[in-house]
There are 2 protein chains.
Amino acid sequence: MTQDDSASPRRNRRRPGTTAAADMAPPRSLAYRHVVNPFEPLRIYSDDQVAAIHDAALTLLENQGTKVLSAPARLRYAQGGAEVDEATQVVRLDRALIAKALATTPSEFTFHALNPELNVPMGGRHLCFAPTSGPPNIMDTVHGRRAGTLEDFQNLIKLSQSFDVLHTLGGAVEPQDVPVHLRHMEMTRSQLLLSDKVPFMYSRGSAQIRDCFELLRIAHGVDAEQFRARPYVWTVINTNSPLQLDIPMAEGIIDFAEAGQVLIITPFTLAGAMAPVTITGALTLAHAEALAGIALAQMVRPGAPIIYGSFTSNVDMKSGSPAFGTPEYAKAAFGAGQLARYIKLPWRSSNATASNAPDAQAAYEAQMSLWGALMGGANFMLHAAGWVEGGLSTSYEKFIIDVEMLQMMAEVFQPVGAEASDMALEAIAEVGYGGHFFACAHTMERYRTAFYSPLLSDWRNYGTWSNDGARTATERAATIWQETVARYSAPPRDPAVVEAIDAFIARRTAEGGAPPQT
Amino acid sequence: MTQDDSASPRRNRRRPGTTAAADMAPPRSLAYRHVVNPFEPLRIYSDDQVAAIHDAALTLLENQGTKVLSAPARLRYAQGGAEVDEATQVVRLDRALIAKALATTPSEFTFHALNPELNVPMGGRHLCFAPTSGPPNIMDTVHGRRAGTLEDFQNLIKLSQSFDVLHTLGGAVEPQDVPVHLRHMEMTRSQLLLSDKVPFMYSRGSAQIRDCFELLRIAHGVDAEQFRARPYVWTVINTNSPLQLDIPMAEGIIDFAEAGQVLIITPFTLAGAMAPVTITGALTLAHAEALAGIALAQMVRPGAPIIYGSFTSNVDMKSGSPAFGTPEYAKAAFGAGQLARYIKLPWRSSNATASNAPDAQAAYEAQMSLWGALMGGANFMLHAAGWVEGGLSTSYEKFIIDVEMLQMMAEVFQPVGAEASDMALEAIAEVGYGGHFFACAHTMERYRTAFYSPLLSDWRNYGTWSNDGARTATERAATIWQETVARYSAPPRDPAVVEAIDAFIARRTAEGGAPPQT
């Protein structure tokens, strides 16, 4: 008797406990250091519609402009040709200024890591996954949810260093046990000593940025001029939607542009709250704000490397709660990708969820975010691992769930062979009618690397899984992150460099550090 | 101070407990009865490669052919012009015969439901979601995992009837408490009386199919000739890969084709087990087997409606366990969609996972399956709701998780407006710098239907969610399925029809029913 599909008893008869090759199979090499997306990006707008949205954003910047709270930034805008009203702090930019800025913004560049093998190409079809950045809280299934600490921050750096599919570091979680005037240095020190991947820095005022840049120069052994010549670090600039740029964000744009470091300019536009209730309206507003930030950076230094950031989602109109990984989020991602490509900039998206736990909702909302961003052609995926609770917590278990999902996506992007040998007519002839392919020559030649080997997914049959504790994916993830942290080993670092870093921090600490700009 | 993205404290200040419009907002109307996919399907093969795979499958059918265990089916093949070797039971088909069959297979048709508003268009960009079909076991978080019963089967029909996004019924779960010689009639009766959506039937031999067709004719009030003129029901034909067609499957093809009912011909090809270890090899084999089945159906009745089914995944090469929702599964879906479009047939895919529980793994594997199938252009998504454990169980909670994910996908397919009013420049001017859009006119006009309103996702803040029991998505799904079953009401059915159905079943029961063909 044949039933539908896999419920067929025949399948079970065909499913051996082990293959002929079972015990010999080594784990598959996880070569995820460089991921390239082979697919044509999906589109929700026609070319004309993309041009019309861009034009509407230009009109917005010409007529309404944007409020800029930083006087030095307004001065830069004025020097660059913008119309500045000091009484209202409003800056208006005509379309010629935007066109001029876009003409000097590079479409591609490369992040330089302490380990050159971990350099990250940006733009084109290249794809970079960066872990979660910014949550104040940490959660795990053992200890629950609490304020983030330096230990958590360092654990997340260790996890980020341990998986090839994460290409840069990120803000991970806020180490709230470190005083705010020293925190920026400790976060930078941890990244530089625990990892050799490209680090992240907050833009919390010029004083902190100066400290962090100096630490980077020490680590890389470069002087200020060499530092300016190559991107070594990135920050995120969030505008205060709608149409407002605050002081630390403006300082971040100026300081990073001057230093030739990477700005991810990301208006955070929640449709129905800080942005229009329509996806297209939220994207129009976000596009205008991004263009204003890009213009400032290019006025400071033509050619400053920038990633066009989008973070458009919607709120629950019943409660006002922000939502992520929604259908609207995926569609906004498709549209934002089109706008980024229209102005020829690398594009940043995010792996987001509103779920309060690393559960099925977290997984399906993250998948909606991932597919939306990746099918939309994202180059830089922020919050790729660990984000939960709308960004208010980092979850250790979600980190592992995300790494599994990122590796799966990286595998989807691997090409499929379509030569005669891939079609396998000889193997089919060898096996014959109703036979099996477990031990045929075609299989034996390829089985070791034929398929993705999972980190987290459990494919054992129900009885085996159940007898082994019936552990859910979230429970298994708890084991994996703890084992990964325990197994971590630091990359080599010249003791003289460590000494110089520590000496710099000791001196700056004695000088009072640098409180965040507000 | 501005931090990255949503962790910004500013966001929280902007997040009100309720919007101006909170209490007035009605739940969004869920108009998911007809879903159309607006996106260009993704491709993993070039046009030349698709043609080459098709050609390889034709070569396979000409040279090696397929073993056909049913003598009447071999006779049909011989009458249709195939080369039949009775000694080996092997049927060889030359490419002209396949071309002739494909010339008469319709590219589009319509399923007719008891409620004409629930008719299902098939082909083109139309998309149909069908619930899980076939698992022998049922599981829920209250009672655990056990053999399926008629009560479970009927509960799943009630759930399927309750959600617009499910467009047909399915085998749901095997009602193992009904004797096998009567089970086909009870399953059909339950579908016809508890729902007015298009039903599903197994192909377990001609005797059972005759009974089920008669029940359908009674329900629809049509005679045999009228019945033959329109598709009312569908079945799944699984070949015994590699290259074997068994007796009940062959009888199913013949009986359904003669009656003009819909065959979903689906080789179940697990790469590395019953199919070559390469995705392209597994698809080549599956394509050949599907073509052989399509040819038989068209020899029986030119124009018989067929859906090209694909179910290509891979096994874990270490254990031999089948895996679903893998990267290979998604890529195979993209490729199968290309093959279906090449021969101009509607295409069936599946929402599959190997997870043993309705957990995060179940969600992310299902999402990989869904995006793979839907971005690949699937027309018919079988196992769309409820499948877990590689098809050996149906999970009530997974059913709800899946319905949420299907609704989200249906929303992704809704068009995005890009008129001037969607760009919202006037609203942006009204709100001003740093303001919010909660109460502006543009929002008030649109908020009721602006966004997807979730069935399962919980977007409340952590404190509210935690104080309310900190229930995971899986725990919430348990409440939702039970409430939905409790709230279900049956569609109206003419008492005379019910009487006739029951009279028929009573007579056939007295005659001994019909044991399944093996």
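The following paragraphs examine the structure supplied in this document. (Residues numbered from 1 in each chain as written. Chains lettered and ligands numbered in written order. Predicted model: local features only at pLDDT ≥ 70, side-chain atom pairs only at ≥ 80, totals over all residues. Heavy atoms only, no water.)

## Section: the overall build of chain A
Helices and strands together make up the secondary structure of chain A, namely 19 helices and 20 strands. Radius of gyration (C-alpha) of chain A: 25 Å, near the 24 Å computed for a compact globule of 518 residues. Overall size of chain A, expressed as C-alpha extent along the three principal axes, is 80 × 55 × 45 Å. Burial status across chain A gives 67% buried among its 518 residues. By sequence separation, contacts in chain A at least 24 residues apart represent 76% of the contacts at least 6 residues apart. Of the accessible surface of chain A, which amounts to about 15,900 Å², a share of 51% is contributed by carbon and sulfur atoms. (Helix = DSSP H or I, 4+ residues; strand = E, 2+ residues; numbered from the N terminus. Rg over C-alpha atoms; globule rule 2.2 N^0.38 Å. Buried < 20%, exposed > 50% of the residue type's maximum accessible area, 1.4 Å probe, protein only. Contact = heavy atoms within 4.5 Å. Areas by Shrake-Rupley, 256 points an atom, 1.4 Å probe, with all protein chains shown as cover.)

## Structural notes on the relation of the copies chain A and chain B
For the match of chain A to chain B, the screw axis carries a shift of 0.0 Å, the RMSD comes to 0.0 Å, and the turn is 180°. Such a combination of turn and shift is consistent with a two-fold rotation axis. Among all residues of chain A, the one whose C-alpha sits closest to the rotation axis is alanine 360 of chain A, at a distance of 2.0 Å. Counting the interface residues of chain A, we find that 100% of their copies in chain B are interface residues as well, pointing to one common contact surface. (Least-squares fit on C-alpha atoms with pLDDT ≥ 70 in both.)

## Considerations on the interface of chain A and chain B
With 163 residues of chain A at the contact, the number on the chain B side is 164 residues. Of the roughly 12,700 Å² buried where chain A meets chain B, counting both sides, 65% is carbon and sulfur surface. Of all residues in chain A, Tyr433, Phe451 and Trp459 of chain A give up the largest surface area on contact with chain B, accounting jointly for 7% of the area buried on that side. Where chain A touches chain B, the interface holds zero salt bridges. Where chain A touches chain B, the interface holds 38 residue pairs in polar contact (both at pLDDT 80 or more). The element that contributes the greatest number of residues to the side of chain A that touches chain B is helix α12 (residues 360–375) of chain A, accounting for 10 residues. Broken down by class, the residue content of the side of chain A that touches chain B amounts to 80 nonpolar, 54 polar and 29 charged. (Buried area = accessible area lost by both parts, 1.4 Å probe. Salt bridge = Lys/Arg side-chain N within 4 Å of Asp/Glu carboxyl O. Polar contact = N/O pair within 3.5 Å; in protein donor to acceptor, adjacent residues only side chain to side chain. Nonpolar A, V, L, I, M, F, W, Y, C, P; charged D, E, K, R; others polar.)

## Thoughts on the pattern of salt bridges
Inspection of every chain in the model, using the stated rule, returns 48 salt bridges over all chains. Where arginine 145 of chain A meets glutamate 389 of chain A, a salt bridge forms, and the shortest distance between an N and an O atom there is 2.9 Å. Here the residue arginine 145 of chain A occupies a position in strand β9 (residues 144–147), and glutamate 389 of chain A occupies one in the loop between β19 (387–388) and β20 (393–395), the gap between them amounting to 244 residues. In this structure glutamate 389 of chain A comes out as buried when scored by relative accessible area, which is 6%. For glutamate 186 of chain B, the salt bridge goes to arginine 189 of chain B, with nearest N and O atoms at 3.9 Å. Of the two residues, glutamate 186 of chain B and arginine 189 of chain B both sit in helix α6 (residues 180–194), three residues apart, roughly one turn of that helix. According to the relative accessible area criterion, arginine 189 of chain B is partly exposed, its value standing at 22%. A single network of salt bridges, built from pairs that share partners, joins Asp211, Arg507, Arg508 and Glu511 of chain A.

## Digging into helix α3 (residues 71–79) of chain B
Residue and element names in this part refer to chain B. Among the residues of α3, those classed as buried are Ala73, Arg74 and Tyr77. All buried residues of α3 lie within an arc of 100° about the axis, which places them on one face of the element. Away from the buried face of α3 by more than 90 degrees, exposed residues Pro72 and Gln79 are located. Elements in contact with the buried residues of α3: β2 (66–68), β3 (83–85), β4 (90–92), β11 (244–245), α9 (247–258) and α10 (279–300). Residue serine 70 occupies the N-cap position of α3, its side-chain oxygen lying 3.1 Å from the main-chain nitrogen of alanine 73. Once α3 finishes, glycine 81 follows within two positions and takes phi at roughly 110°, a positive value. (Arc of directions from axis to C-beta.)

## Description of the environment of glutamine 298 of chain A
All names here are of chain A. By the secondary structure assignment, glutamine 298 is in helix α10 (residues 279–300). The exposure class assigned to glutamine 298 is buried, which follows from its relative accessible area of 5%. In this structure, the C-alpha to C-alpha distance between glutamine 298 and glutamate 475, residues 177 residues apart in sequence, is 48 Å. Ignoring sequence-local partners within four residues, the contact set of glutamine 298 consists of Ala101, Thr104, Thr105, Gly303, Ala304 and Ile306.

## A word on the packing of α12 of chain A against helix α13 (residues 396–412) of chain A
A pair of packed helices can be characterised by two numbers: the angle between their axes and the separation between those axes. Residue and element names in this part refer to chain A. Between α12 and α13, the shortest axis-to-axis distance is 11 Å and the interhelical angle comes to 35°. Pair α12 / α13 crosses with right-handed handedness. Contacts between α12 and α13 pair Ala362, Ala363, Ala366, Gln367, Leu370, Trp371, Leu374 and Met375 from the former with Lys398, Asp402, Met405, Leu406 and Met409 from the latter. Taken together, the residues of the contact of α12 with α13 sort by class into 10 nonpolar, one polar and two charged. (Axes fitted to C-alpha atoms, helices over the stretch in contact; angles between N-to-C directions. Left-handed = near helix turned anticlockwise from the far one by under 90°.)

## Some words on the pairing of strand β12 (residues 262–265) of chain A
Looking along a regular strand, one sees side chains alternate from face to face of the sheet. Residues and elements named next belong to chain A. Alternating positions in β12 separate into two faces, Val262 and Ile264 on one and Leu263 and Ile265 on the other, with burial throughout. Summarising the sheet, strand β10 (residues 234–237) and β12 pair through four bridges and their orientation is parallel. Considered in β12, the bridge of tryptophan 234 is made with valine 262. (Pairing = 2+ DSSP bridges.)

## Some remarks on the state of the cysteines
All names here are of chain A. For the structure on display, the rule yields zero disulfides over all chains. Considering cysteine sulfurs only, cysteine 212 is the nearest to cysteine 128, which forms no disulfide, with 19 Å between them. For cysteine 128, a relative accessible area of 0% translates into the label buried. (Disulfide = S-S within 2.5 Å.)

## Focus on the side chain of serine 241 of chain A
Mapped onto the elements of the fold, serine 241 of chain A is located in the loop between β10 and β11 (244–245). For serine 241 of chain A, a relative accessible area of 2% puts it in the buried group.

## Considering the sheet that holds β20 of chain A
Read across the sheet, four strands follow the order β9-β8-β20-β19 (chain A) without closing on themselves; strand pairing throughout is mixed. Every other strand in the sheet has two partners, leaving β9 and β19 of chain A as the edge strands with one partner each.

## Side note on the sheet that holds strand β8 (residues 137–140) of chain B
An order of β9-β8-β20-β19 (chain B) is seen for the four strands of this open sheet, with the pairing classed as mixed. In the strand order of this sheet, the two ends are held by β9 (144–147) and β19 (387–388) of chain B, each with one partner.

## Side note on the packing of helix α2 (residues 47–63) of chain A against α10 of chain A
Residues and elements named next belong to chain A. Relative to each other, α2 and α10 sit at 60°, their axes nearing to 8 Å. Comparing the axis directions of α2 and α10 gives the class oblique. Considering how the two elements wind past one another, α2 and α10 form a crossing that is right-handed. Taking contact as the criterion, the partners of Ile53, His54, Ala56, Ala57, Leu58, Leu60 and Leu61 in α2 are, on α10, Thr280, Thr284, Leu285, His287, Ala288, Leu291 and Ala292. Here the residues of the contact of α2 with α10 are counted per class, giving 10 nonpolar, four polar and no charged. (Parallel < 35°, antiparallel > 145°, perpendicular 65-115°, else oblique.)

## What about the environment of valine 403 of chain B?
All names here are of chain B. Mapped onto the elements of the fold, valine 403 is located in helix α13 (residues 396–412). Measuring from C-alpha to C-alpha, the distance between valine 403 and proline 131 comes to 9.3 Å, with 272 residues separating the pair along the chain. Apart from the residues within four sequence positions on either side, valine 403 is in contact with Phe163, Val165, Leu166, Ala385 and Leu455.

## Some details on unusual backbone geometry
A cis amide bond, omega 0°, links serine 241 of chain A with the succeeding residue proline 242 of chain A. In the Ramachandran plot, alanine 424 of chain A falls in the positive-phi region, its phi being about 65° despite a non-glycine side chain. Mapped onto the fold, alanine 424 of chain A is located in the loop between α14 (420–423) and α15 (425–431). Located in the positive-phi region is alanine 470 of chain B, a residue other than glycine, with phi close to 50°. Looking at where alanine 470 of chain B falls in the secondary structure, it is placed in the loop between α17 (462–467) and α18 (473–487).

## Some points on the pairing of strand β7 (residues 126–129) of chain B
All names here are of chain B. Relative to β7, strand β1 (residues 35–36) runs antiparallel, the two being bridged by two bridges. Across the sheet, valine 35 pairs through a bridge with leucine 127, a residue of β7. Where β7 meets strand β18 (residues 380–382), two bridges bridge the pair, whose relative direction is parallel. Opposite cysteine 128, over in β18, you have phenylalanine 380 as the bridge partner.

## Let's talk about the packing of aromatic side chains
Under the defined criterion, the tally for this structure stands at 35 aromatic pairs over all chains. The interplanar angle of 50° and the centroid separation of 5.5 Å between the aromatic rings of tyrosine 462 of chain A and tryptophan 465 of chain A together place this pair among those described as tilted. Here the residue tyrosine 462 of chain A and the residue tryptophan 465 of chain A both occupy positions in helix α17 (residues 462–467), the gap between them amounting to three residues, near one helical turn. Note on phenylalanine 268 of chain B and phenylalanine 324 of chain B: the rings are 6.3 Å apart at their centroids and 15° apart in plane angle, and the pair reads as stacked. Note that phenylalanine 268 of chain B is positioned in strand β13 (residues 268–271) and phenylalanine 324 of chain B in the loop between β16 (322–323) and α11 (327–342), a separation of 56 residues in sequence. Taken individually, phenylalanine 268 of chain B and phenylalanine 324 of chain B each receive the classification buried, so the pair is uniform in this respect. (Phe/Tyr/Trp six-rings, centres within 6.5 Å; stacked < 30°, edge-to-face > 60°.)

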